[in-house]
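Each chain is listed here by its residues.
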Amino acid sequence: MSDKSWFVAVGGQQQGPMSRDEVVAGVRNGRFGRDAHVFTQGMANWVPIAAEPEFAGAFGTTPPPPPPGIARAHEIDFELHGDDMQFVEITLDPGEACIAEAGAFLYMDPGIQMQTIFGDGSGQDQGGFMGKLLSAGKRVLTGESLFMTLFGNSGPGRQKVAFAAPYPGKIVPLDLRQHGGRILCEKDAFLCAAKGISVGIALNRRLGAGLFGGEGFILQKLEGDGLAFLHSGGTIFDRQLVPGEMLRVDTGCLVAFETTVTYDIQMVPGIKTAFFGGEGLFYAALTGPGTIWLQSLPFKRLAKQVLSAIPRSKGEGSALGSLGDLIMGGGNG
C-alpha cells in the first residue's frame, strides 16, 4: 500500500495532503468524481484521478484502452455555453492540450500557448515531416485548412480556452470511447478535440456515394479514446438504428454516424420527382446497427436561402421588377 501524500484538485480548488485511503474513500462516497485530478511527489504534472492506477479501481472499472494504433487522448473538462449560437469552453490541467480547426478560436487564459501544427492532431509520430505533410494534405481534401492549432496549458494551474461554431446551430460533444473509438462525420463538422484524437479522412468505397454524394464522398474520420466536438446547423438530434433498419436522409442533413452504420447514396425514384421535387436527385441511405446524428438546417441550405433573397438588380423586390420601378418613378432617384 502506498504511503505517499496526495493532493486532489476539484473545480480549481486543491485539497490535501491526504493518504491514498482517504482519496479512495472520497471517490467511493462521491466526494471526488472523474473530473478530479491528483498529484504527488515525483509526478511531472497533475493527472485525471480515474487515469491514475492507484485510484482507477475505486471507480469500479479501469479506463478502457484506446483503439489499436491510437494514442491515449488527454482528459479534458468542458462546458457548453449558449443556445443557438454556442461555444465550448475547455478547461486544461497543466500539461494538457487540445486541438482545433483554424478559425475556431474564441478566447484563452494567459497560461495557454498556441502552436500551429501539421498532421492529424493526434501527436503521434507519423513518419517524420513527409508523413505529417501527407496527413495534413489529406485534410485539404475535406475542405479544411492545411494546418491545425494546438492549445496547451503551460501554466502552473488550470487554464481555459474556448472555441465557437462558425454559424448558428449546436455543438455536439462526443466521447469516442462510447462509440468504438471511431466516428465518421461530414467534412465541415469537426470543431475541436482533446490532444490525441486523430482527424483523418475516410473515402466511401461505394460508387454511388463517390460520384453523386456531394457531401458524402469524402468524410472526416475521428479516432481516439477521448472527447471530440462537432458543430451543426439548426437543431441536432441522434437516432439509434437497429440491425437492418434503414433511414433515408438528405445528404446535407447528415452530421455523423458510427462506423457500424452502412452508408450509401441512392437516386430519388421517378424522373418528375428527381427534377421538379425541389429536394435534389440523391439522398443518403443509412442502414443500422448504430447511431447517427442529423441536423435540421445544413449551412448550405441556409446560405442558398440567403443568396436567393439578395436582389440581383434594382427593383427585384417589386412584383413588376424594373418595369414597376419605371412606372412608379423609382428610376429617377
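Here goes a summary of the coordinates provided. Values in this document were obtained by computation on a predicted structure and should not be read as measured data. (Residues numbered from 1 in each chain as written. Predicted model: local features only at pLDDT ≥ 70, side-chain atom pairs only at ≥ 80, totals over all residues. Heavy atoms only, no water.)

## Notes on the sheet that holds strand E8 (residues 105-108)
Taken in spatial order, the 4 strands of this open sheet run E5-E6-E11-E8, and their pairing is antiparallel. Edge positions in the sheet fall to strand E5 (77-81) and E8, since each has one partner strand and no second. For this sheet the average axis-to-axis angle between neighbouring strands, irrespective of direction, equals 20°. With 5 bridges connecting them, E5 and strand E6 (residues 87-92) associate as antiparallel partners. Within E6, the position partnered with Glu79 by the bridge is Glu89. (Pairing = 2+ DSSP bridges. Helix = DSSP H or I, 4+ residues; strand = E, 2+ residues; numbered from the N terminus. Axes fitted to C-alpha atoms, helices over the stretch in contact; angles between N-to-C directions.)

## Some remarks on the pairing of strand E3 (residues 37-40)
Where strand E1 (residues 6-10) and E3 come together, 4 bridges link them in antiparallel fashion. Opposite Val8, over in E3, you have Val38 as the bridge partner. Summarising the sheet, E3 and strand E4 (residues 47-48) pair through 2 bridges and their orientation is antiparallel. Within E4, the position partnered with His37 by the bridge is Pro48. Here E3 folds back onto E4 in antiparallel fashion, the turn holding 6 residues, of which Gly42 has a positive phi close to 100°.

## Describing the packing of aromatic side chains
Applying the stated criterion across every chain yields a total of 7 aromatic pairs. For the ring pair Phe87 and Tyr107, a centre distance of 6.1 Å and an interplane angle of 70° mean the geometry is edge-to-face. Taken together, the residues Phe87 in strand E6 and Tyr107 in strand E8 connect sequence positions 20 residues apart. The partly exposed category is assigned to Tyr107, whose relative accessible area is 32%. Grouped by ring-pair contacts, the aromatic residues Phe105, Phe151 and Phe163 constitute a single cluster. (Phe/Tyr/Trp six-rings, centres within 6.5 Å; stacked < 30°, edge-to-face > 60°. Buried < 20%, exposed > 50% of the residue type's maximum accessible area, 1.4 Å probe, protein only.)

## Some details on the side chain of Ser232
Note on placement: Ser232 falls in strand E17 (residues 227-233). The class of Ser232 is buried, set by a relative accessible area of 1%. Beyond its immediate stretch of four places on either side in the chain, Ser232 contacts Tyr167, Pro168, Gly169, Lys170, Val172, Val255 and Gln295. (Contact = heavy atoms within 4.5 Å.)

## Quick look at the sheet that holds strand E10 (residues 148-153)
One open sheet holds the 6 strands; their spatial order is E9-E10-E7-E14-E17-E12, and the pairing between them is antiparallel. Across the chains shown, the open sheet's two edge strands, defined by having one partner strand only, are strand E9 (112-117) and strand E12 (169-175). With strand direction ignored, the average angle separating the axes of adjacent strands in the sheet is 20°.

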